Amino acid sequence: ASLRQRLLAARGDLLRGTFRAAEAETSYREALALAQGIPTVRAQIVRSLAQNLMQRGQAAEALRLCQSATADLPAADNVLRARLESIECRAHLVLSHFDEAERTAQEAIALADQFTEIMPQLADEVRARAERTLGWISYTRHPQGAESLLHYHRALACARRAGLRVIENAVLSNIGTAYMERGDLEKALQSYQAAQKGFE
């Protein structure tokens, strides 16, 4: 059962982000069923499943799964808790729960600070996702303000260090939109072109 669970999760990882994302979801759910009663393993699978669900427009279920998995984790497991909250904050944002999105994003960053020295890449992964969420929240509240750009640039630096190309390019697009709102068309164009090149 343990080997089957790991193989199913690996299959989900390989299919996620492809045209067979629905099959990835099925694999993750089968793996999750085999991980009941093992909170750490369950949280790892939920993290991948939630990302897949977010990509397919199912933010409410992604949020529910993340909250359930986080509640079952040992209090000392800051790494998995931070990684789940970095997805949870994005789900809150998609559902327009701005206060909760801000709270969970800040909690994820605070947890990442606790393991940044021993696992810098994972800490940067968490910060990239959380800072991007904070940037979008700031942008919706003050489209012409500078705070959103501060968050976006921090997210961009973290994404690049962590090797998260998809998030890097998405943040570049967000930065372009923020510059457009401020009337800086040259910087907006540069950011959009960099995002387009990266996505290609």
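The text that follows walks through the structure, step by step, so that each part is easy to find. Fair warning: this is a prediction, and the values are worked out from it, not measured in the lab. (Residues numbered from 1 in each chain as written. Predicted model: local features only at pLDDT ≥ 70, side-chain atom pairs only at ≥ 80, totals over all residues. Heavy atoms only, no water.)

1. Overview of unusual backbone geometry
Leaving glycine aside, a negative phi is the common case for residues, and trans is the common case for peptide bonds. In the Ramachandran plot, Ser-96 falls in the positive-phi region, its phi being about 65 degrees despite a non-glycine side chain. Along the polypeptide, Ser-96 turns up in the loop between α5 (78-94) and α6 (98-115). (Helix = DSSP H or I, 4+ residues; strand = E, 2+ residues; numbered from the N terminus.)

2. Focus: the pattern of salt bridges
Taken as a whole, this structure holds 20 salt bridges when the rule is applied. Within the structure, one salt-bridge network assembled from shared partners comprises Glu-25, Arg-29, Arg-56, Glu-61 and Arg-64. (Salt bridge = Lys/Arg side-chain N within 4 Å of Asp/Glu carboxyl O.)

3. Digging into helix α3 (residues 39-55)
Relative to the 24 Å expected for 17 residues at 1.5 Å per residue, α3 spans 24 Å between its end C-alpha atoms, a close match to the ideal helical length. Of all 17 residues making up α3, 12 are buried, and the element is well covered by its neighbours. Regarding α3, the residues found buried are Arg-42, Ala-43, Ile-45, Val-46, Arg-47, Ser-48, Leu-49, Ala-50, Gln-51, Asn-52, Leu-53 and Met-54. In this structure, the buried side of α3 is in contact with α1 (2-15), α2 (21-33), α4 (59-72), α5 and α7 (120-141). Downstream of α3 by a residue or two, Gly-57 has a phi angle that is positive, lying close to 75 degrees. (Expected span 1.5 Å × (residues − 1). Buried < 20%, exposed > 50% of the residue type's maximum accessible area, 1.4 Å probe, protein only. Contact = heavy atoms within 4.5 Å.)

4. What to know about the environment of Ala-128
Here Ala-128 lies in helix α7. Taking C-alpha positions, Ala-128 is 9.1 Å from Val-171, a pair spaced 43 residues apart along the chain. Ignoring any residue separated from it by four or fewer positions in sequence, one finds Ala-128 in contact with Ala-155, Cys-158, Ala-159, Leu-164 and Ile-167.

5. Let's talk about the packing of α3 against α5
It is at 10 Å that the axes of α3 and α5 come closest, and there the two elements cross at 30 degrees. Classified by the interaxial angle, the pair formed by α3 and α5 is roughly parallel. Crossing of α3 against α5: the hand is left-handed. Here α3 contributes Thr-40, Ala-43, Gln-44, Val-46, Arg-47, Ala-50, Gln-51 and Met-54 to the contact with α5, which in turn contributes Leu-80, Arg-83, Leu-84, Ile-87, Arg-90, Ala-91 and Val-94. Tallied by class, the residues present in the contact of α3 with α5 amount to nine nonpolar, three polar and three charged. (Axes fitted to C-alpha atoms, helices over the stretch in contact; angles between N-to-C directions. Parallel < 35°, antiparallel > 145°, perpendicular 65-115°, else oblique. Left-handed = near helix turned anticlockwise from the far one by under 90°. Nonpolar A, V, L, I, M, F, W, Y, C, P; charged D, E, K, R; others polar.)

6. Here we look at the environment of Thr-140
Among the structural elements, Thr-140 can be located in helix α7. Note on Thr-140: relative accessible area 35%, which makes it partly exposed. Along the chain, Thr-140 and Glu-168 lie 28 residues apart, while their C-alpha atoms are 20 Å from each other.

7. A short note on the state of the cysteines
Overall, the coordinates contain zero disulfides when judged by the stated rule. Cys-66 takes part in no disulfide bond, and the closest cysteine sulfur, belonging to Cys-89, lies 9.6 Å away. Of the residues examined, Cys-66 reaches a relative accessible area of 1% and is grouped as buried. (Disulfide = S-S within 2.5 Å.)

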